[in-house]
Amino acid sequence: MTAPSQSLASMREAAPLVQCITNYVAMNFAANTLLAAGAAPAMVHDVEEAGEFAAIAGALTINIGTLSPRWVAGMIEASSVAAKTGKPWVLDPVACFATGLRREATSRLMQKSPTIVRGNASEILAIGGQDSSGKGVDAGDSVTAAEAAARDVAQRAGSVVAVTGEVDFVTDGSRAVRISGGSPLMPKVTASGCALTCLVGAYAAAVEDPFDATVGALAHFAAAGAEAAKVAQGPGSFLPAFLDAVAAVTPETIGDDRVQAA
Ligand SMILES: Nc1ncnc2c1ncn2[C@@H]1O[C@H](COP(=O)(O)OP(=O)(O)OP(=O)(O)O)[C@@H](O)[C@H]1O
Ligand SMILES: Cc1ncsc1CCO
Ligand SMILES: [Mg+2]
């Protein structure tokens, strides 16, 4: 596999344009995260332009965090263009189990064969058709409990599936790894998962294999989170320290050994 250190170098070299259809909560943090990492974010979601933009972006990310029917139309349009033009696209199924609108949108988007699905354990369990104890956008289940569902979803959808939490799990249905690092302060800062999904898009634009791209982005976050935790006093000071750390991660410090076969 391509090591995270090599994927990071490729992502920085490409400085890819990433179309992010994300939520109102995440937009600013996610855009700053991509800039810090070395990519170029563009938050373009309306149905009148989302498909047109997908044709020029290096990758597309779709996050259903703050949904409306008009946004869903933009998501369907953009993912259709990405699929047609062979662009990688990433789905973040925020609280997909919580309401009818979210269940319906997630099922329609899954039918568009996302290249990568990145969610917390409760979201991946729900996509796998299992009961989950998610509390809105926050996970209520362990990553370990969602590993079998992740493998099943990956096989059925033909997608790479990433379950994040204390130790992350990534599978394409045959290969699987776990990634350690990060900090317990990460889930205390809103939209860190949403920002990660956008970074997965940046890696997917630059790294040929979507499994390796996903592992690279998750390792980048794990390295940055661990560094930021060394200087943070709590969630407030963690946030700027984390952005600095996302920018400061290098191929030498990303830590290829934090990735272990599962
Ligand atoms: N307890 C923890 N220890 C270390 N890292 C963590 C922990 N919990 C989450 N993370 C890291 O935080 C990042 C976001 O993952 P998380 O699973 O919290 O996303 P999420 O629930 O979708 O977040 P959100 O919806 O609020 O954006 C990942 O890089 C993950 O590895
Ligand atoms: C808090 C919140 N509500 C909808 S999306 C979001 C960001 C974290 O997923
Ligand atoms: Mg989330």
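Residues numbered from 1 in each chain as written. Chains lettered and ligands numbered in written order. Predicted model: local features only at pLDDT ≥ 70, side-chain atom pairs only at ≥ 80, totals over all residues.

Draft legend 1. Summary view of the packing of helix H2 (residues 27-37) against helix H10 (residues 235-248). In the contact formed by H2 and H10, the axes pass within 7 Å of each other and the chain directions differ by 35 degrees. From H2, Asn32, Thr33, Ala36 and Ala37 reach across to H10, where they touch Leu243, Val246 and Ala247. Grouping the constituent residues of the contact of H2 with H10 by class yields five nonpolar, two polar and no charged. (Axes fitted to C-alpha atoms, helices over the stretch in contact; angles between N-to-C directions. Helix = DSSP H or I, 4+ residues; strand = E, 2+ residues; numbered from the N terminus. Contact = placed C-beta atoms within 7 Å. Nonpolar A, V, L, I, M, F, W, Y, C, P; charged D, E, K, R; others polar.)

Draft legend 2. Main features of the site of ligand 2. Every residue lining ligand 2 is accounted for by Asn23, Val25, Ala26, Gly65, Thr66, Val94, Val137, Thr190, Ala191 and Cys194. Class assignment for the residues of the shell around ligand 2 results in six nonpolar, four polar and no charged. (Near = placed C-beta within 6 Å.)

Draft legend 3. Region of the structure containing the UniProt feature "binding site: ATP" (unreviewed entry) in the protein. Cross-referencing UniProt, the feature "binding site: ATP" (unreviewed entry) maps to Arg118 and Thr164 in the present numbering. A maximum C-alpha distance of 7.5 Å among these annotated residues, which run over 47 residues, shows that they cluster at one spot. Following the sequence through the fold, Arg118 ends up in strand S5 (residues 116-120). Residue classification places Arg118 among the buried residues on the basis of 32 C-beta atoms within 10 Å. Excluding residues that lie within four positions of it along the chain, Arg118 makes contacts with Val90, Asp92, Ala162, Thr164, Leu196, Thr197 and Val200. Considering the arrangement of structural elements, one finds Thr164 in strand S6 (residues 160-164). Its 28 C-beta neighbours within 10 Å are what place Thr164 among the buried residues. (UniProt positions renumbered as here; feature names shortened; annotations may be inferred. Buried ≥ 20, exposed ≤ 12 C-beta atoms within 10 Å, placed from the backbone.)

Draft legend 4. Examining the site of ligand 1 more closely. Around ligand 1 there are 22 residues in total, and Asn120, Thr164, Gly182, Met186 and Gly193 lie nearest to it. Breaking the shell around ligand 1 down by element, the ones donating at least two residues are helix H8 (192-206) and helix H9 (210-231). Ranked by the residues each element gives to the shell around ligand 1, the list is headed by H8, at four residues. Counted by class, the shell around ligand 1 contains 11 nonpolar, nine polar and two charged residues.

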